[in-house]
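# Secondary and tertiary structure notes
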Amino acid sequence: MTEVVPSVDMQASIGGVPVVSPVLTASGCSSFGRELDPFFDLTSIGAVVTKSVQLRPRSGRATPRMAETPSGMINSIGLQGPGIDGLLADELPWLAERGVRSFVSIAGARTEDFAELATRLRGAPGVLGIEVNISCPNVESRGEVFACNPDASAAVVAAVREAADPAHPVYAKLTPDVTDIVSVARACADAGANGLSMINTLLGLVIDPDTMRPVLGGVTGGLSGPAIRPVALRCVWQVHAALPNVPILGMGGIRTGLDALQFVLAGAGAVSVGTAVFNDPSAPARIHAELAEALGERGFGRLADAVGYAHRAPDKRPEGRHGR
Amino acid sequence: MTEDGATRMVQLPSGDRVLPPVPGSRTEPLGQPAPPAEHPPVQGLAVVVGSRPVSAYTELTLEAPDIAQVAQPGQFVAFAVGGPTSAMLLRRSIAIAGVGDGRFSVVVSARAAGSTWLAGLRPGDEVDVVGPLGRPFPLPPEGTPTLLVGGGYGAAALVGLGGLLRSRGHEVAAVVGAGDAARLCSVDDLAAVAAPFVVTTDDGSAGRPGRVTGPVADLVSGAGAVYACGPMPMLAAVAKLATDRGVPSWVAVEESMACGVGVCMTCVLPVVGADGRSRFARSCVEGPVFAGDRVRFADVGTLPPDLVGADAMTLSHTPAVEGETP
């Protein structure tokens, strides 16, 4: 591991709750955390963001479930998982016993599903907060994705905020596949979201030139990895500019500390590391160290001072890049 | 191996029932899930110390004592490919072919950009590797005669096992097959530990013409345990031959993996669990070694409706609009 500049205070906050590191895992990219235990100290990161859990166990989709793409991949897993009962019985206790914080991602097909999941998580051990995966089809709206509609997004967020443990910050996870992400972000914030996670994957497609059919069993899939990083960064920038007081958990293709730094400078108070974990299972700990070093090199004594720093007024002279 | 003839009804927590075995038919499984490995995986840079062409493949030998000293036959490693700034993010998972002196070897089949990069590594190069991964081949009871069956480069995964079985006093027979002579693998290594030893090729360019299933059908009745690694259709055929004769089999499957460590959920296949219910099992951490009679080969690539949680998939199944969230 690279030498950490000791003077940088890396404490971060998730919706007002302090965490030891601004680096978290990303939902769907670290399962429920325990597979990464051999590779780094899970208590050294901000939290394990769990794979999205639903009310019932889900088998997930038929294979093939993924395809590699330039600097990324598309996937269509189908939210395979144990359901809330399995999460509460097996996964959360395992994390809590080791002092690992969990940020639980919940998903549902209707607003009431989300509210019930938030209720079930009240009092669960080790839970830092809830990330609401609203990039799911709403069965009560002909399968329109909640996150593509500000009103549907707001309804879910309000229901979860109402049902959740008051100590659990509620973050809405936004999709970039919308015309105006700021309007969805504002609707979620107005509905009581304590923060925003952005971005989810972009909808993509890969066709096999040999079979001349879509590669994935689910036809389309979510594109992730460094390929989407500029899109993610643009979303964080736009939302922070419009809603500077709303905490942002930034994600989308973060692979290095300098990638994470870009999200912090754009306005993210914390970041999630997702697809990079497939390439490097110790990536979250490495990126924490690299980010600390990068902040120190740039003269920041605290992570918090760097959040949104790229939005400052233009320098009078171009060479002011490293000066503060 | 279970031979439970008693009629009984198992009541599962969900209220679902498992019907008792029909007399004369085999519904009780021969194999249980393979136990996990004794040692957790490690991640680090391995130094390439050897590279040599082996017919159509490349055998790489790497210095990695942390991995080599604890690896068990049947386990695999996952390589990062293309260097630190590579645009190929997904790990390439390859079975460990042999270990010794702090080194391990793998057989690389260069098919696309990632595996071609791996096959091009030269002595002195470093590569990021995670391992040992996956569940090893369970060893049979003392004195059990064994049969190893390898297809293509899958035969490499059986080399360590063959040596271990011999050292423990087991009889080892082996059948190794491929499409043609150039795609045979590990023939010398397995010939050194196995007798009888049979080679087959589909085109007859080496050994007996035809598939491995012919010799396997002849040899399986003399075996108390069968171990196989190779293409999925071969594994299905070998497992069926063994199961039909009441012989337990262990198959090491090859499924497309993104991470190799159990977090991406892409390498699943339908497997019957210890409770008799089927689930999508991850071939990286719940495999790659499965009991041959537990893998639902005919259903690979589909979503069987009786899988645990399959019922929940139809509720929200609107693939035209669902931006899949990992």
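Residues numbered from 1 in each chain as written. Chains lettered and ligands numbered in written order. Predicted model: local features only at pLDDT ≥ 70, side-chain atom pairs only at ≥ 80, totals over all residues.

- As named in an unreviewed UniProt entry, chain B is Dihydroorotate oxidase B, electron transfer subunit, taken from Klenkia soli.

- Named according to an unreviewed UniProt entry, chain A is Dihydroorotate dehydrogenase originating from Klenkia soli.
- Chain A has a UniProt comment under Subcellular location (unreviewed entry) that states "Cytoplasm".
- Under the Pathway (unreviewed entry) heading, UniProt states for chain A: "Pyrimidine metabolism; UMP biosynthesis via de novo pathway." (UniProt positions renumbered as here; feature names shortened; annotations may be inferred.)

## Topic: the overall build of chain A
- The number of helices and strands found in chain A is nine helices and 18 strands.
- Since a compact globule built from 324 residues should have a radius of gyration of about 20 Å, the 19 Å found for chain A is in line with a globular shape.
- Burial analysis of chain A (324 residues in total) assigns 62% to the buried set.
- Of all intrachain contacts in chain A linking residues separated by at least 6 positions in sequence, the fraction that spans at least 24 positions is 72%. (Helix = DSSP H or I, 4+ residues; strand = E, 2+ residues; numbered from the N terminus. Rg over C-alpha atoms; globule rule 2.2 N^0.38 Å. Buried ≥ 20, exposed ≤ 12 C-beta atoms within 10 Å, placed from the backbone. Contact = placed C-beta atoms within 7 Å.)

## What about the interface of chain B and chain A?
- The interface of chain B with chain A comprises 42 residues on the first partner and 61 residues on the second.
- Of all elements in the fold, only strand E3 (42-54) and helix H7 (311-315) of chain B reach the threshold of two or more residues within the side of chain B that touches chain A.
- Here the side of chain B that touches chain A gets three residues from one element, more than from any other, and that element is H7(B).
- Taken together, the residues of the side of chain B that touches chain A sort by class into 28 nonpolar, 11 polar and three charged. (Nonpolar A, V, L, I, M, F, W, Y, C, P; charged D, E, K, R; others polar.)

## Here we look at the confidence of the model for chain B
Residues and elements named next belong to chain B.
- Overall, the predicted model of chain B reaches an average pLDDT of 89, with 88% of residues at or above 70.
- Overall, residues 1-26 carries pLDDT values under 50, and its contacts beyond four positions in sequence, including any with other chains, amount to 18 contacts.
- Counting interchain partners and residues more than four positions distant, the pLDDT-below-50 stretch residues 316-326 has 45 contacts. (pLDDT = per-residue confidence, 0-100.)

## Concerning the sheet that holds strand E6 (residues 72-75) of chain A
All names here are of chain A.
- Pairing is antiparallel across the open sheet formed by four strands, whose spatial order is E5-E6-E16-E13. Among the strands making up the open sheet, the edge pair consists of strand E5 (66-69) and strand E13 (202-205). Looking at each pair of strands side by side, their axes are set apart by 35 degrees on average, direction ignored.
- With four bridges joining them, E13 and strand E16 (residues 220-224) adopt antiparallel strand pairing. Of the residues in E16, the one forming a bridge with Leu203 is Gly222. (Pairing = 2+ DSSP bridges. Axes fitted to C-alpha atoms, helices over the stretch in contact; angles between N-to-C directions.)

## Some words on helix H1 (residues 83-97) of chain A
Residues and elements named next belong to chain A.
- End to end, H1 covers 20 Å across 15 residues, agreeing with the expected 21 Å (1.5 Å per residue, within 8%).
- Its axis deflected by about 35 degrees at Glu91, H1 carries its strongest bend there, up to four residues before the proline Pro93.
- Of the positions making up H1, those classed as buried are Ile84, Leu87, Glu91, Leu92 and Leu95.
- In this structure, the buried residues of H1 make contact with strand E4 (48-49), strand E7 (102-106), helix H2 (111-120) and strand E8 (127-133).
- Immediately beyond the C-terminal end of H1, within one or two residues, lies Gly99, with a positive phi of roughly 75 degrees. (Expected span 1.5 Å × (residues − 1). Bend = angle between axes of the 7 residues up to and from the residue.)

## Considering the UniProt feature "binding site: substrate" (unreviewed entry) in chain A
- Those places that UniProt annotates as "binding site: substrate" (unreviewed entry) correspond, in this numbering, to Lys51(A), Asn75(A), Ser76(A), Ile77(A), Gly78(A), Leu79(A), Asn133(A), Asn200(A) and Thr201(A).
- For Gly78(A), the location among the structural elements is in the loop between E6 and H1.
- Classification of Gly78(A) by C-beta neighbours within 10 Å gives buried; the count is 26.
- Excluding residues that lie within four positions of it along the chain, Gly78(A) makes contacts with Arg58(A), Gly60(A), Arg61(A), Gly218(A) and Met313(B).
- For Leu79(A), the position within the fold is in the loop between E6 and H1.

## Focus: the domain arrangement of chain B
All names here are of chain B.
- As assigned here, chain B comprises domain 1 (42-133) and domain 2 (146-299).
- Between domain 1 and domain 2, the residue contacts involve 20 residues of the former and 22 residues of the latter.
- Counting residues per element, the ones that place at least two in the side of domain 1 that touches domain 2 are strand E5 (76-79), strand E6 (92-100) and strand E8 (126-133).
- When residues of the side of domain 1 that touches domain 2 are assigned to their parent elements, the largest contribution, six residues, is made by E6.
- For the side of domain 1 that touches domain 2, the per-class residue count stands at 14 nonpolar, five polar and one charged. (Domains from an automatic or database assignment.)

## Some thoughts on the UniProt feature "binding site: FMN" (unreviewed entry) in chain A
- With numbering aligned to this structure, UniProt lists the feature "binding site: FMN" (unreviewed entry) at Ser27(A), Lys51(A), Ser52(A), Asn133(A), Lys173(A), Ile199(A), Gly225(A), Gly252(A), Gly253(A), Gly274(A) and Thr275(A).
- Residue position: Lys51(A) is located in the loop between E4 and E5.
- Not counting residues up to four positions away in its chain, the partners in contact with Lys51(A) are Ser27(A), Gly28(A), Ser31(A), Phe32(A), Gly81(A) and Ser105(A).
- Structurally, Thr275(A) is set in the loop between strand E18 (270-273) and helix H7 (276-279).
- Judged by the 32 C-beta atoms lying within 10 Å of it, Thr275(A) is buried.
- Discounting residues that sit within four places of it in the chain, Thr275(A) has contacts with Cys29(A), Gly72(A), Met73(A), Ser224(A), Gly225(A) and Leu89(B).

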